[in-house]
Every structure is written in C-alpha cells, then in structure tokens.
Amino acid sequence: MDDLLDAHVKDAYRMTTHKLFLLPGDGIGAEVMAEATKLINWFNQTGIAAFEIEQGLVGGSAYDAHGEAICDADVALAQSADAVLFGAVGGPKWDGVPYDKRPEAGLLRLRKDLELFANLRPAICYPALADGSSLKREIVEGLDLLIVRELTGGVYFGEPKEITDLGNGQKRAIDTQIYDTYEIERAARVAFDLARTRRNKVSSAEKRNVMKSGVLWNEVVTRVHAEEYPDVELEHVLADNCGMQLVRNPKQYDVIVTDNLFGDVLSDVAAMLTGSLGMLPSASLGAPDEKTGRRKSLYEPVHGSAPDIAGTGKANPIAMIASLAMALRYSLNMGEWADQVEAAIGAVLAQGFRTPDLMDDGMKEVGTSEMGDHILAELAETGAA
Ligand code: IPM
Ligand code: MG
C-alpha cells in the first residue's frame, strides 16, 4: 500500500469513533484487561483510531456491587457498543451465591441478550511455543484451526433445567438439549463463510449416534452445505472422536463447527495444543444488522479467572490482547492492525519472553505488565512504521 493510501486509511479510522465497552470481571480479568487497555490507549494517542471507552462490572464483582452478575444498565451499554471486551468471571469467593446470580450467569446473559450465537475460537500454535505444548512439536507446529461453537442454544439454555425432589430421598436433575433448524443453519453458515477465507474445509462435530439433536445437526449442516456451499469440503465427525483426533492429529482440521457444550469442551482441548490456555482468544458474534451490517460482538480470552494466581502479576495477557486483535478484525474494520498485533505477539515470543505459564529453559520470565509492555513496544516499532 502506498503512503498516500495509508494516510487516507488512517484518516478514515480517525474520523470514526468506536465505542468499546470493557468488562474486566473477576480474578485475573482486570490484570489482563489492563494490558489490552495499553494498546487501546496507544491507538488513541497515535491517532490511528478514536476509541471511546466505557467500563462496567460483571461476575462476582457485579454481584458484590449490585447483587446480580450483571446489571441492566451494563447490559444496555454492551448492546450499544461497537465491541465488548470481556476479561473473566468467577472465583471461590462466590461459591455460595444463589445459582442464578453466580458469576457465570453474567456472561451467559450477555451471550443470550446480545444473541451472540457464533463463538469463534482459533487455536494457533506460535512457532516459538511448539515445545510448550503437552503434545510433541511435530504434532502441533504450524497448527491453525478454528472452532465455531454455537453459543446461544443447546443444553446451556434449554428448558426444563432443574433439580426436583422425588420425595423418596432421591433428587432428579434435568438439563435439556434443544436445537431448532435456524440455530444450526446460522452457525453452519458462519463456519462455511470462514472456511472460504481459510483452507476451505469444515468438520461438523455432533453425536448423531446417541442424540436426536445430533441427527438434526447433521441433517441441517449437510443441507446448508449442498445448497449454499458445495465448493467447501465438508466432513462429519462424532464429537468424542473429534476430541481424540484433536490430540492425535490436530492439523487435519481447518474449521470445526459444533454445538454449545461440545464446543466448550473441544475448545479447551484445542487451547492446550497451543501451549497454554493463556494463549486462546475468542470472538462471539451476532447476526449482521440489516441496515448497518454491524454485528453485536463480545471478545474474551478462553481462560477463566484463575483465582489461584489473581493479584500476583503472573497472568498471561496474550489471550486478552489477541481477543482485542479479533475485535479489530471483526468489529472495528482494522484488520491490518489485527495482523500487526498478532505479529507483535509472535515477535515477543520469538524474542524469548514468557509468562510463567509458558516458561521454559533458557527463556526470559516476565510478568503480566512486562509482557503487555513488550507487545506494545513491538507494535509501536513495527506497526507505526
Ligand atoms: C467458556 C466458559 C464458560 C462456558 C463458562 C465460564 C460459563 O467455560 O466460555 O468456555 O461454559 O461457556
Ligand atoms: Mg469453557
């Protein structure tokens, strides 16, 4: 791109103000969010972008303040934001709170109220970390897969969902797995669309051998493929086998599309392939608005609140920073800067800097804040050029 165009593009960024809503949450959430905020501030200070930032409470910290896992005003701010950045929720402090007010309820409400049905969880193994995985280098080196997890349906939200007393000293717990055709169609379309921008292959994971919802999932994905995406390669895999294949030969996968619960489990497996749960970002997207094309969106690291290391300055901020990169790409029309942020992460890892979760012989151990500083310095040096 020549200089003129570059300047012109930078001007366009400058003219548009993007509203970012930050929900750091609990545990290490605030610490990793602080590192993403350094990058956001840098974009503002350099004039590359104009971000308006608001911050709210979610999870246990919201419960402590308002007695619920997120308040209506913060849900409204999330609805109107161009992108929500979410840290993490939960911790032993809130183990005893009522079930519907537990920290996770705040995240689930956001997903449901904003209709964020498509959860994108990329698992990329940075070359510098290939030895950090619990699998052998040759299995994970060069890994680049994407899980598209359905996020607003299935057993997470299906009713009835209850524990009843049978009156004979026994209780009965019920969760309900429900999928309607349209929910499977829209998740499948996101997966096929993304596959077209990658290696053009979709693996659809379900349990059609045991579950009716798996039978329907399989049928709908097959039809959407035949009618709308015949150019994309499609395979069906049983979800348990998919878990096994992920640790046997993960590089066979490009895009995996699956339901809410299987996606939760498979994405944790995929995360570990990359060396640490601290590496995996995610994007949760709604349908594009009919007029503006804008999608509601929330970006969060896949790791949780890690209460055991909260406050120690040891948390790995990379998944949070990589989640910001996804926001730049999918919500803020700054895809080139998303590439730059990801390149900066790769460069800092290649220079040998490691948070404790990634630490290996001969590497330089750094804390949360130093890792953020290194990534920002790298971005400022190469990106601003
Ligand atoms: C995730 C998490 C959540 C989930 C929890 C915190 C409710 O594990 O995003 O993967 O189960 O979806
Ligand atoms: Mg999970």
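One can find the structure itself at the top, above this paragraph.
Reading guide: rules and limits
- Residues numbered from 1 in each chain as written.
- Chains lettered and ligands numbered in written order.
- Predicted model: local features only at pLDDT ≥ 70, side-chain atom pairs only at ≥ 80, totals over all residues.
- Heavy atoms only, no water.
- Pairing = 2+ DSSP bridges.
- Helix = DSSP H or I, 4+ residues; strand = E, 2+ residues; numbered from the N terminus.
- Axes fitted to C-alpha atoms, helices over the stretch in contact; angles between N-to-C directions.
- Near = heavy atom within 4 Å.
- Polar contact = N/O pair within 3.5 Å; in protein donor to acceptor, adjacent residues only side chain to side chain.
- Areas by Shrake-Rupley, 256 points an atom, 1.4 Å probe, with all protein chains shown as cover.
- 1 Å grid on protein atoms, 1.4 Å probe; cavity = no way out; pocket = protein on both sides within 12 Å on 5 of 7 lines; lining within 4 Å.
- Sits in = over half its atoms within 2 Å of the grid points.
- Nonpolar A, V, L, I, M, F, W, Y, C, P; charged D, E, K, R; others polar.
- Salt bridge = Lys/Arg side-chain N within 4 Å of Asp/Glu carboxyl O.
- Buried < 20%, exposed > 50% of the residue type's maximum accessible area, 1.4 Å probe, protein only.
- Points joined across faces, edges and corners; volume = space filled by probe spheres on them.
- Phe/Tyr/Trp six-rings, centres within 6.5 Å; stacked < 30°, edge-to-face > 60°.
- Lys NZ or Arg CZ within 6 Å of the ring centre and 35° of its normal.

Caption draft 1: Summary view of the sheet that holds strand β8 (residues 201–206). Spatially, the 10 strands line up as an open sheet ordered β2-β1-β3-β12-β11-β4-β5-β10-β8-β9, and their pairing is mixed. Single-partner strands in this sheet number two, and they are β2 (50–55) and β9 (233–238). Strand-to-strand twist of the sheet, defined as the mean angle between neighbouring strand axes without regard to direction, takes the value 25°. Direction of pairing for β8 relative to β9: parallel, over a ladder of 6 bridges. Opposite V202, over in β9, you have L234 as the bridge partner.

Caption draft 2: Region of the structure containing the site of ligand 1. Neighbouring ligand 1 are E104, R111, R121, R149, Y156 and D264. Within the side chain of D264, an N or O atom sits 2.8 Å from an oxygen atom of ligand 1. When the free accessible area of ligand 1 is taken as 320 Å², the share hidden by the protein chains comes to 77%. Given that more than half its atoms are within 2 Å of the pocket grid, ligand 1 belongs to the largest pocket. A class-by-class count of the residues in the shell around ligand 1 yields 1 nonpolar, no polar and 5 charged.

Caption draft 3: Seen up close, the pattern of salt bridges. Inspection of every chain in the model, using the stated rule, returns 24 salt bridges. In this structure, R294 engages D82 in a salt bridge whose closest nitrogen and oxygen atoms are separated by 3.9 Å. Residue R294 is located in the loop between β11 (283–288) and β12 (295–299), and its partner D82 is located in the loop between α4 (72–80) and β3 (83–88); the two are separated by 212 residues in the primary sequence. Under the relative-accessibility criterion, R294 is labelled partly exposed at 30%. A relative accessible area of 16% places D82 in the buried class. R186 is the partner of E115 in a salt bridge, and the nearest nitrogen-oxygen pair spans 3.2 Å. Taken together, the residues span a long stretch of sequence, with E115 in the loop between α5 (103–113) and β4 (118–124) and R186 in helix α7 (residues 181–196) at a distance of 71 residues. By relative accessible area, which is 44% here, E115 ends up partly exposed.

Caption draft 4: Examining empty space enclosed by the protein more closely. In the structure shown here, the tally under the stated rule is 1 cavity of 30 Å³ or more. The computed volume of the largest cavity comes to approximately 40 Å³. Contributing to the lining of the largest cavity are Q177, A205, E206, K207, S213, G214, W217, D259 and F262. Breaking the lining of the largest cavity down by element, the ones donating at least two residues are β8 and α8 (212–228).

Caption draft 5: Geometry of the packing of aromatic side chains. Overall, the coordinates contain 6 aromatic pairs when judged by the stated rule. Ring centres of F43 and F51 lie 6.2 Å apart, and the angle between their planes is 85°; on these two criteria the pair is classed as edge-to-face. Its relative accessible area of 0% is what places F43 among the buried residues. Looking at F51, the relative accessible area reads 7%, which means it is buried. When the centroid spacing of 5.6 Å and the interplanar angle of 80° are considered together, the rings of F43 and W337 count as edge-to-face. Here the residue F43 occupies a position in helix α2 (residues 29–46), and W337 occupies one in helix α12 (residues 335–350), the gap between them amounting to 294 residues. Judged by relative accessible area, which is 6%, W337 ranks as buried. Among the aromatic residues, ring-to-ring pairing joins W42, F43, F51 and W337 into one connected group. Seen from the ring of F157, K112 lies directly overhead, with NZ or CZ sitting 4.6 Å from the centre. Over the ring of Y156 we find R149, and its NZ or CZ is 5.1 Å from the ring centre.

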